[in-house]
Number of protein chains: 2
Amino acid sequence: MIIGFDVGGTNARALLIDSKTGEIVDRDRESSAGSGPVLLATLLRMIDRLRRLNNTEVEAVGLGVAGLAHRSGVIHYSPNLPDLVEYPLGTELADAIGVPVAVMNDATAATWAEAKFGAGQGIDDFILATLGTGIGSGFVCGGRLLNGHNGFAGESGHMVVDSNGPTHHTGQQGPWEYYASGSALGRLGKSQARAGLFPAALSLAGTIEAIDGFTVAEALTRGDREAERVFDGFCRQVALGLANLVLIFDPERILLGGGLTGIGAPLSERVERWLERILLGGEHRPRVEVVMAELGDDGGALGAALWAIEDSDS
Amino acid sequence: MIIGFDVGGTNARALLIDSKTGEIVDRDRESSAGSGPVLLATLLRMIDRLRRLNNTEVEAVGLGVAGLAHRSGVIHYSPNLPDLVEYPLGTELADAIGVPVAVMNDATAATWAEAKFGAGQGIDDFILATLGTGIGSGFVCGGRLLNGHNGFAGESGHMVVDSNGPTHHTGQQGPWEYYASGSALGRLGKSQARAGLFPAALSLAGTIEAIDGFTVAEALTRGDREAERVFDGFCRQVALGLANLVLIFDPERILLGGGLTGIGAPLSERVERWLERILLGGEHRPRVEVVMAELGDDGGALGAALWAIEDSDS
């Protein structure tokens with residue numbers, strides 16, 4: 001058995017995985033709050049519990065962590081886990097439990113899960129972009145996961161697409177996630193409501209401040225026309241960043257995941273249409289399919305576990 | 001023996017390569033002008049000449065072509081070779097000579113040459129960016145060349161970095177190469193000269209219209225202060241696009257090639273300094289080295305030949 005963790009800003013999710021089949025046997029979740037040693041204790045407690053309840057040994061552990069998670073096991077920097085900066089979480093965990101621990105970025109982990117059991121199966125070249133608070137991304141190229149030299153690859157949400165644009169909370173001007181994350185969809189909705197143009201969102205959320213990406217999505221499913229306009233502009237922004245990534249990677253397929261996944265086909269179809277329109281030389285390229293990712297919230301932990309198997313085999 | 005070609009907008013360059021050692025045995029060059037069949041005849045003539053003069057057989061041919069060169073052998077689209085659109089150059093050539101022909105993008109080919117014999121040797125994760133008329137690029141990830149699903153990967157010169165910026169000749173607004181190609185350096189120089197601020201460039205080039213990237217480079221080596229200012233702004237633009245690529249790929253090293261290579265260390269050092277300053281989370285990342293590419297004009301043809309060896313082995 002393998003345990004995979006997805007350590008995000010709020011929760012640490014654990015999956016116990018059958019290393020032969022990749023099947024999810026059990027799961028657990030705890031708060032990820034606290035310093036490095038506190039988080040380490042949390043992870044050890046979850047490992048112990050999953051082991052005992054399922055009466056099994058654990059061969060390896062995979063850790064997917066939001067941020068710059070070095071392949072050596074050190075978390076260099078994580079905006080959502082500020083107490084973890086430069087903490088050797090992977091090494092400490094491996095020392096404590098005596099089995100190999102593979103450390104990787106959470107979106108990269110989710111990408112590997114989609115490659116093995118999700119919408120990337122059998123696709124040698126694909127991109128996963130998760131539209132949530134920010135944008136996470138991961139890449140499979142020629143059938144292999146892109147980790148990068150340190151394990152930091154896939155931070156395309158921070159790719160600057162409008163270098164004279166507004167300043168994002170990262171300090172950058174005009175990064176892709178400023179325009180195309182789930183948060184961005186919420187900001188667009190708020191701004192239209194503030195201008196008095198989006199009564200549907202206001203009535204769904206109660207106050208302007210409570211409008212978020214999910215509000216816009218909900219208004220969209222109810223057929224609201226302003227939601228339709230806001231959503232179309234948002235999909236164009238998603239496609240603008242994806243067009244850059246298509247020029248660089250030449251993928252066969254793009255997977256969209258993250259908090260907005262619930263929108264489903266209206267999102268993937270609209271983004272694909274914009275991508276076709278925007279992409280340079282598009283008329284000379286085979287179609288790039290845009291589809292929804294399939295593994296949802298399990299992707300990060302599952303992918304980290306599957307990567308730990310891969311890693312301990314090599 | 002293997003023959004590698006680099007087919008650009010003006011010339012087709014050929015290298016005869018020892019397939020055991022990768023050594024360059026002979027070379028040739030002809031105009032690449034004309035329709036697909038005319039270019040095919042040109043390549044066949046060069047192959048025949050290299051064969052006869054060196055009294056050798058040819059096992060395989062590699063073709064590096066500027067543009068969307070499909071791995072199947074069809075040139076889908078090439079802005080610099082407009083007569084070649086949708087022409088099956090690779091397939092026709094293979095039929096005519098009866099040996100395998102590998103077709104790839106020219107910058108991708110040059111990247112592979114740098115990996116094998118240039119500044120990318122022993123580096124598992126690196127980027128090559130060539131600053132010329134436009135920007136070409138190629139990527140080695142985990143020791144493997146990034147080709148993409150169709151063979152179209154590496155078009156990062158068209159990556160949009162300023163989506164509200166000026167319209168480039170590609171029709172895009174604010175692509176990286178608008179700001180950071182060799183042509184861009186020339187445009188910056190012209191603009192300063194037009195404002196009366198760059199007498200050194202004007203006296204070197206004779207007229208404002210004749211000022212190009214090389215003029216600015218020449219004024220720089222002579223210690224001109226305005227050249228210094230123009231060049232610094234240009235290096236910042238190069239670094240802005242590279243920062244995006246570092247976030248995505250997490251490379252260990254960046255190689256700069258193309259027409260401006262002659263500037264050497266002042267270019268790579270200045271770009272590296274800007275990159276350090278701009279790169280998000282830079283203080284938590286190991287340094288990304290910026291160095292000059294080593295193979296110059298031979299890179300494309302050499303890389304295509306080396307790739308043909310790789311391809312016929314697999």
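Thresholds, definitions, all that
- Residues numbered from 1 in each chain as written.
- Chains lettered and ligands numbered in written order.
- Predicted model: local features only at pLDDT ≥ 70, side-chain atom pairs only at ≥ 80, totals over all residues.
- Heavy atoms only, no water.
- Helix = DSSP H or I, 4+ residues; strand = E, 2+ residues; numbered from the N terminus.
- Expected span 1.5 Å × (residues − 1).
- Buried < 20%, exposed > 50% of the residue type's maximum accessible area, 1.4 Å probe, protein only.
- Polar contact = N/O pair within 3.5 Å; in protein donor to acceptor, adjacent residues only side chain to side chain.
- Axes fitted to C-alpha atoms, helices over the stretch in contact; angles between N-to-C directions.
- Parallel < 35°, antiparallel > 145°, perpendicular 65-115°, else oblique.
- Contact = heavy atoms within 4.5 Å.
- Nonpolar A, V, L, I, M, F, W, Y, C, P; charged D, E, K, R; others polar.
- Core = buried A, V, L, I, M, F, W, Y, C linked by side-chain atoms within 4.5 Å.
- Disulfide = S-S within 2.5 Å.
- Left-handed = near helix turned anticlockwise from the far one by under 90°.
- Least-squares fit on C-alpha atoms with pLDDT ≥ 70 in both.
- Buried area = accessible area lost by both parts, 1.4 Å probe.
- Salt bridge = Lys/Arg side-chain N within 4 Å of Asp/Glu carboxyl O.

## Looking at helix 3 (residues 106-117) of chain A
Residue and element names in this part refer to chain A.
Line of reasoning, step 1. An ideal rise of 1.5 Å per residue puts 16 Å on twelve residues; helix 3 measures up with 16 Å between its terminal C-alpha atoms.
Line of reasoning, step 2. The buried fraction of helix 3 amounts to nine of the twelve residues, a majority that puts the element mostly inside the structure.
Line of reasoning, step 3. Three or more residues of helix 3 are buried, namely Ala107, Thr108, Ala109, Ala110, Thr111, Trp112, Ala113, Glu114 and Ala115.
Line of reasoning, step 4. Looking at where helix 3 begins, the residue whose side-chain oxygen comes 2.9 Å from the main-chain nitrogen of Ala107 is Asn105.

## Here's the deal with the packing of helix 8 (residues 225-249) of chain A against helix 8 (residues 225-249) of chain B
Line of reasoning, step 1. For the pair helix 8 of chain A and helix 8 of chain B, interaxial distance at closest approach is 13 Å and the crossing angle is 75 degrees. Judged by the inter-axis angle, helix 8 of chain A sits roughly perpendicular to helix 8 of chain B. Every residue of helix 8 of chain B that contacts helix 8 of chain A at Leu245, Ile248 and Phe249 of chain A is listed here: Leu245, Ile248 and Phe249 of chain B.
Line of reasoning, step 2. The residue makeup of the contact of helix 8 of chain A with helix 8 of chain B, split by class, is six nonpolar, no polar and no charged.

## Some words on the nonpolar core
Line of reasoning, step 1. Within the largest apolar cluster, 102 residues are counted, with the highest numbers of intra-cluster contacts made by Leu242, Phe249 and Leu267 of chain A together with Leu242, Phe249 and Leu267 of chain B.
Line of reasoning, step 2. With near-sequence residues (within four places) excluded, Leu267 of chain B lies in contact with Leu131, Phe231, Phe234, Cys235, Leu256, Leu260 and Met292 of chain B.

## Description of the environment of Asp6 of chain A
Residue and element names in this part refer to chain A.
Line of reasoning, step 1. With respect to the helices and strands, the residue Asp6 is situated in strand 1 (residues 2-7).
Line of reasoning, step 2. With 298 residues separating them along the chain, Asp6 and Ala304 place their C-alpha atoms 7.5 Å apart.
Line of reasoning, step 3. Excluding residues within four positions of it along the chain, Asp6 makes contact with Asn11, Ala12, Arg13, Gly64, Asp106, Asp297, Gly300 and Ala301.

## A short note on the state of the cysteines
What we call a disulfide is simply a covalent bond connecting the sulfur atoms of a pair of cysteines.
Line of reasoning, step 1. Scanning all chains against the criterion turns up zero disulfides over all chains.
Line of reasoning, step 2. Cys141 of chain A takes part in no disulfide bond, and the closest cysteine sulfur, belonging to Cys141 of chain B, lies 5.4 Å away.

## As for the packing of helix 5 (residues 182-194) of chain A against helix 8 of chain A
Residue and element names in this part refer to chain A.
Line of reasoning, step 1. Two numbers describe how helix 5 lies on helix 8: the axes approach to 10 Å, and their chain directions differ by 140 degrees. If you check the angle between helix 5 and helix 8, you find them oblique. For helix 5 against helix 8, the interelement crossing comes out right-handed. Taken together, the residues of helix 8 that come into contact with helix 5 (itself represented by Leu185, Leu188, Gly189 and Gln192) are Glu226, Arg229, Val230 and Phe234.

## Considerations on the relation of the copies chain B and chain A
Line of reasoning, step 1. Mapping chain B onto chain A leaves a residual RMSD of 0.0 Å; the transformation is a rotation of 180 degrees accompanied by 0.0 Å of translation along its axis. One copy is carried onto the other by what is essentially a two-fold rotation axis.
Line of reasoning, step 2. Comparing interface residues between copies, 100% of those in chain B also lie at the interface in chain A; the contact surface is shared.

## Considering the interface of chain B and chain A
Line of reasoning, step 1. Counting residues at the interface gives 43 residues for chain B and 43 residues for chain A.
Line of reasoning, step 2. Taken together, both faces of the contact between chain B and chain A bury some 3,600 Å²; the carbon and sulfur share is 58%.
Line of reasoning, step 3. Looking only at chain B, the three residues that lose the most surface to chain A are Ile248, Asp250 and His284 of chain B, adding up to 19% of its buried area.
Line of reasoning, step 4. For the interface between chain B and chain A, the tally reads zero salt bridges.
Line of reasoning, step 5. If you look at where chain B meets chain A, you find 26 residue pairs in polar contact (both at pLDDT 80 or more).

In short, the description is geometric, and any link to function would need to be established separately.
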